[in-house]
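# Summary of structural features
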Amino acid sequence: MTTNVAPAGGQHKTDVVIIGAGPIALFAVFELGLLDLKAHLVDILDRAGGQCAELYPEKPIYDIPGIVEVTGQGLTDRLMDQIKPFGPTFHFSQMAESLEKAGDGWRVTTDAGTQIEARVVVIAAGGGSFTPKKPPIPGIEAYENESVFYAVRKMDRFRDKVVVIAGGGDSALDWTLNLQPIAKKLLLVHHRDGFRASPDSVNKMRALVADRKMEFHIASIKALHGANQKLEGLTLSNKERGDYRVDAEMLLPFFGLTMKLGPVANFGIGLHENLIPVDTEKFETSTKSIFAIGDINTYPGKLKLILSGFHEGALMAQQAFRYCRPDEKLRFQYTTSSSSLQKKLGVA
Amino acid sequence: MKLIVTDREGQVHTLEGREDWSAMEVIRDANLPLAAECGGACACATCHVYVDDEWLAKLPEQQQQEIEMLDFGVAVQENSRLSCQIKMTDELDGLKVTLAPESL
Ligand SMILES: Cc1cc2nc3c(=O)[nH]c(=O)nc-3n(C[C@H](O)[C@H](O)[C@H](O)COP(=O)(O)OP(=O)(O)OC[C@H]3O[C@@H](n4cnc5c(N)ncnc54)[C@H](O)[C@@H]3O)c2cc1C
Ligand code: FES
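Every residue gets a number counted from 1 within its own chain, in the order that chain's sequence is written. Written order determines the labels here, with chains lettered from A and ligands numbered from 1. Two thresholds apply to this predicted model, a pLDDT of at least 70 for residue-level local features and 80 or more for giving and counting side-chain atom pairs, whereas whole-chain, interface and lining totals are computed over all residues. For the side-chain quantities, the full set of heavy atoms in the structure was used; hydrogens and water were omitted.

## What about the overall build of chain B?
Quick reminder of the rule: Numbered from the N terminus, helices here are DSSP runs of H or I no shorter than four residues, and strands are runs of E no shorter than two. Only protein chains enter the accessibility calculation, which uses a 1.4 Å probe. A residue is then buried if its area is under 20% of the maximum for its type, exposed if over 50%, and partly exposed in between. By definition in these notes, contact holds between two residues if any of their heavy atoms fall within 4.5 Å. Shrake-Rupley sampling with a 1.4 Å probe provides the accessible areas, and residues are treated as covered by the protein chains on show and by no other component. Only four residue types enter the charge count, namely Lys and Arg as positive and Asp and Glu as negative; His and the chain termini do not. The location of each charge is read from NZ of Lys, CZ of Arg, CG of Asp or CD of Glu.
Looking only at helices and strands, one finds three helices and five strands in chain B. Going from N to C terminus, chain B has its helices and strands arranged as β-β-α-β-α-α-β-β. Each of the three principal axes of chain B carries a C-alpha extent, and together these read 30 × 30 × 25 Å. Evaluated residue by residue, chain B yields a buried proportion of 51% over its 104 residues. For chain B, contacts bridging at least 24 residues in sequence account for 62% of all contacts bridging at least 6. Accessible surface computed for chain B: about 5000 Å², of which carbon and sulfur atoms make up 43%. Looking at charge distribution, chain B has the averaged site of its 8 positive side-chain charges lying 4 Å from that of its 20 negative ones.

This is the structure we're talking about:
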């Protein structure tokens, strides 16, 4: 079996749908798999690993039992390898938007229209969904989806427009280079004359500036001007010029991602300070057959550690089995000695 | 040593700093609203503060990593710093910072 990445928009039926694809969700796939339960995972990121992959891919972790040292990405890669035999299906770059009853189970719908029906739901949403940071410029929200975008879905939207890109990372530089040829005019705005981006992109950008094909402003954005969601200009500000105005029809701020609880807040599960209370026997929420594991849950003594989340996944899987296979008997087995488990793992 | 923090409502809090802790840790320990999502790994820029002008020059110089991570801060100014990269020391007794606005 292999790991599958499903195209957006399909309809699926499975045993367990997991919201989030961080390390805890990944190991839950393993524990579920040993019990013959199939899983689909949804994550707004375009790849697995959650915080490990997004926040510290290259930093070492020293407290995974039995592994002296592994990086965030290294752990993610190993988990992905470990769960391959169970053929999980991933739905990446999608936000799990809603959760509703469907028969004796549940239906999760994503912002891309994908529907997944499952007997059991596992919320492994960690510190929340990774979403683009929104700069706190007064009134910016009124322009969103019309003149202000935090991602480029359709490039054509920016054709023949006066486009302002804010930020100094790779996304800012990449989109500067991609949109410059089609925009009427392009301005890059960043607070310093230095970038956290590939030197090659920076050089290309500087060449365009030298050729007067775009502008680079070392400044900050102070205010937005326009009406009816349509942006007309920005007030920029820096030491040399003070406040000054530039024309702008489109604004693309690229300041990386931040963790926001997001739609999980509307799932109708009791929350306590943005965390989901669970019992410590099954890690089930106050709603039967909905579980919460990893950083998103809370219980007396909770530690936000990968180690703890792995344990939570193992216990959750036992109860998930009882829901998904009510007529079957749960059998406790070791991977070391059970030939049936070894067959599932493809090692027997 | 003291760390004097102005929150986003303008309220001033005088916190007791601890040798070897970062300013971020002191602020979080006091339950002030600072996301500090990456827990001090200089990988998120959500521990962003503005340093009072009189203290700016007294802080140890910014490392390249911090300068680069600030590219992902919102509402960055000349006096912006990542509080997880400011280590509390006796020289910084009385340091004044203001919590920068967060992502909306
Ligand atoms: C810098 C740093 C260092 C760390 N070091 C250690 C360490 O040494 N040891 C240790 O044990 N722990 C460490 N941690 C903590 C550890 O990374 C977390 O405990 C772990 O990542 C939690 O895993 P998780 O799967 O619960 O959640 P996360 O890793 O947060 O993953 C949750 C995923 O769910 C997604 N998601 C949430 N809601 C939705 C939705 N509605 N739709 C779609 N997707 C959604 C998010 O996008 C995210 O990808 C560290 C954390 C950081 C930041
Ligand atoms: S806590 Fe993340 S950069 Fe300081």
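## Quick notes on the domain arrangement of chain A
Cut-off, in case you're wondering: What marks off one domain from the next here is an automatic or database domain assignment.
Structurally, chain A comprises domain 1 (4–130 + 258–345) and domain 2 (134–255). For domain 1 of chain A versus domain 2 of chain A, the distance between C-alpha centres works out to 38 Å.

## Considerations on the interface of chain B and chain A
Accessible area lost when the parts come together is the quantity often used to give the size of an interface. What counts is decided by this rule: Accessible area that two parts lose when put together, evaluated with a 1.4 Å probe and summed over both, is termed the buried area. Take a side-chain nitrogen of Lys or Arg and a carboxyl oxygen of Asp or Glu: if they are within 4 Å of each other, that pair is a salt bridge. Under the rule applied, a polar contact is a pair of N or O atoms within 3.5 Å (in protein, one hydrogen donor and one hydrogen acceptor; residues adjacent in sequence only if both atoms are side-chain atoms). In this classification, Asp, Glu, Lys and Arg are treated as charged, Ala, Val, Leu, Ile, Met, Phe, Trp, Tyr, Cys and Pro as nonpolar, and every other residue, Gly included, as polar.
Every contact between the two is made by 23 residues of chain B and, on the other side, 24 residues of chain A. Summing both partners gives a buried area of about 2000 Å² for chain B against chain A, and 56% of it is carried by carbon and sulfur. Counting the surface chain B buries against chain A, the share from its top three residues, Asp71(B), Phe72(B) and Leu104(B), is 37%. Residues Lys239(A) and Glu78(B) are paired through a salt bridge, measuring 3.3 Å at the closest nitrogen-oxygen approach. Seen at the junction of chain B and chain A, the total is 13 residue pairs in polar contact (both at pLDDT 80 or more). For the side of chain B that touches chain A, the residue count by class is 14 nonpolar, four polar and five charged.

## Brief notes about the pattern of salt bridges
Taken as a whole and judged by the stated rule, the model has 24 salt bridges over all chains. The salt bridge involving Glu16(B) is made with Lys2(B); its shortest N-O contact spans 2.6 Å. One end of the pair, Glu16(B), is in strand β2 (residues 12–16); the other, Lys2(B), is in strand β1 (residues 2–6), and 14 residues separate them in sequence. Glu16(B) sits in the partly exposed class, given a relative accessible area of 49%. Salt bridges sharing partners connect three or more residues here, namely Lys13(A), Glu100(A), Arg107(A) and Glu117(A).

## Some points on the confidence of the model for chain B
Put simply, the rule reads: pLDDT runs from 0 to 100 and stands for how confident the predictor is about each residue.
On average, residues of chain B score 94 in pLDDT, and 100% of them reach the 70 mark or higher. Model confidence for the complex is summarised by a pTM of 0.90, with the ipTM given as 0.91.

## Observations regarding the sheet that holds β1(B)
All names here are of chain B. Here is the rule we go by: Think of it this way: DSSP has to see at least two bridges between two strands before they count as a pair. Only the contacting stretch of a helix is used when fitting its axis, a line to C-alpha atoms as for every element, and angles between N-to-C directions run 0 to 180 degrees.
Here we have five strands laid out as an open sheet, ordered β2-β1-β5-β3-β4, and mixed in their pairing. In this open sheet, the two edge strands, each paired with only one partner strand, are β2 and β4 (80–82). The mean inter-strand angle of the sheet, taken between neighbouring strand axes irrespective of direction, is 35 degrees. Two strands pair when backbone bridges link them, and β1 and β2 are joined in this way by five bridges, in the antiparallel orientation. The residue bridging Lys 2 from the neighbouring strand is Glu 16, located in β2.

## Section: the sheet that holds strand β11 (residues 162–166) of chain A
Residues and elements named next belong to chain A. Strand order in the open sheet formed by four strands is β13-β12-β11-β17, with parallel pairing between adjacent strands. Both outer strands of the open sheet, β13 (215–218) and β17 (250–253), are each paired with one neighbouring strand and no more. The sheet shows a mean angle of 20 degrees between the axes of neighbouring strands, direction not considered. As paired strands, β11 and β17 are joined by four bridges and run parallel to one another. Residue pairing for β17: Val 164 is matched across the bridge by Leu 251. Packed on one face of the sheet, helix α4 (residues 170–179) meets β11, β12 (185–190) and β17 and runs near 165 degrees to β11.

## With respect to a nonpolar patch on the surface
All names here are of chain A. Selection rule: Exposure above 30% relative accessible area and no salt bridge define the residues that can form patches, which grow by joining like charges within 9 Å and nonpolar side chains of Val, Leu, Ile, Met, Phe, Trp and Tyr within 5 Å.
A cluster of nonpolar side chains, namely Leu 303, Leu 305 and Leu 307, defines an oily patch on the protein surface of about 250 Å² accessible area. Assignment of secondary structure puts Leu 307 in helix α6 (residues 306–324). Judged by its relative accessible area of 41%, Leu 307 falls in the partly exposed class.

## Things to note about the site of ligand 1
We apply this condition: A single heavy atom is enough: if one lies within 4 Å of a molecule or strand, its residue is considered near that molecule or strand.
Surveying the vicinity of ligand 1 reveals 35 residues, the closest of which are Asp43(A), Tyr56(A), Asp63(A), Asp295(A) and Ile306(A). Around ligand 1 the close residues trace back to chains A and B. For ligand 1, an oxygen atom lies 3.1 Å from a polar atom in the backbone of Ile24(A). In this structure, an oxygen atom belonging to ligand 1 sits 2.8 Å away from a side-chain N or O atom of Gln51(A). Within the complex, 92% of the 1000 Å² of free accessible area of ligand 1 lies under protein. Breaking the shell around ligand 1 down by element, the ones donating at least two residues are α1 (23–34), α2 (50–54) and β10 (129–132) of chain A. Its residues assigned to classes, the shell around ligand 1 shows 20 nonpolar, 10 polar and five charged.

## Examining the packing of α1(A) against α6(A)
Residues and elements named next belong to chain A. Quick reminder of the rule: Helix crossings get a hand from a simple test, with the near helix turned counterclockwise from the far one by less than a right angle marking a left-handed crossing and a clockwise turn marking a right-handed one.
Remark: α1 packs on α6, axes separated minimally by 8 Å, with the N-to-C direction vectors making an angle of 40 degrees. As α1 packs across α6, the resulting crossing turns out to be right-handed. Along its contact with α1, which presents Pro 23, Ile 24, Phe 27, Ala 28, Glu 31 and Leu 32, the element α6 presents Ile 306, Gly 309, Phe 310, Gly 313, Ala 314, Met 316, Ala 317 and Ala 320. Split into classes, the residues belonging to the contact of α1 with α6 amount to 11 nonpolar, two polar and one charged.

## Regarding the environment of Gly242(A)
All names here are of chain A. Positionally, Gly 242 belongs in strand β16 (residues 242–247). The partly exposed category is assigned to Gly 242, whose relative accessible area is 27%. If sequence neighbours within four positions are ignored, Gly 242 has contacts with Leu 236 and Ser 237.

## Points about the side chain of Glu144(A)
Residues and elements named next belong to chain A. If you trace the backbone, Glu 144 turns up in the loop between β10 and β11. Residue Glu 144 is classed as buried on the basis of its relative accessible area of 14%. Separated by 3.1 Å, the side chains of Glu 144 and Tyr 150 make a polar contact. Beyond its immediate sequence surroundings of up to four residues, Glu 144 is in contact with Lys 134, Tyr 150 and Gln 229.

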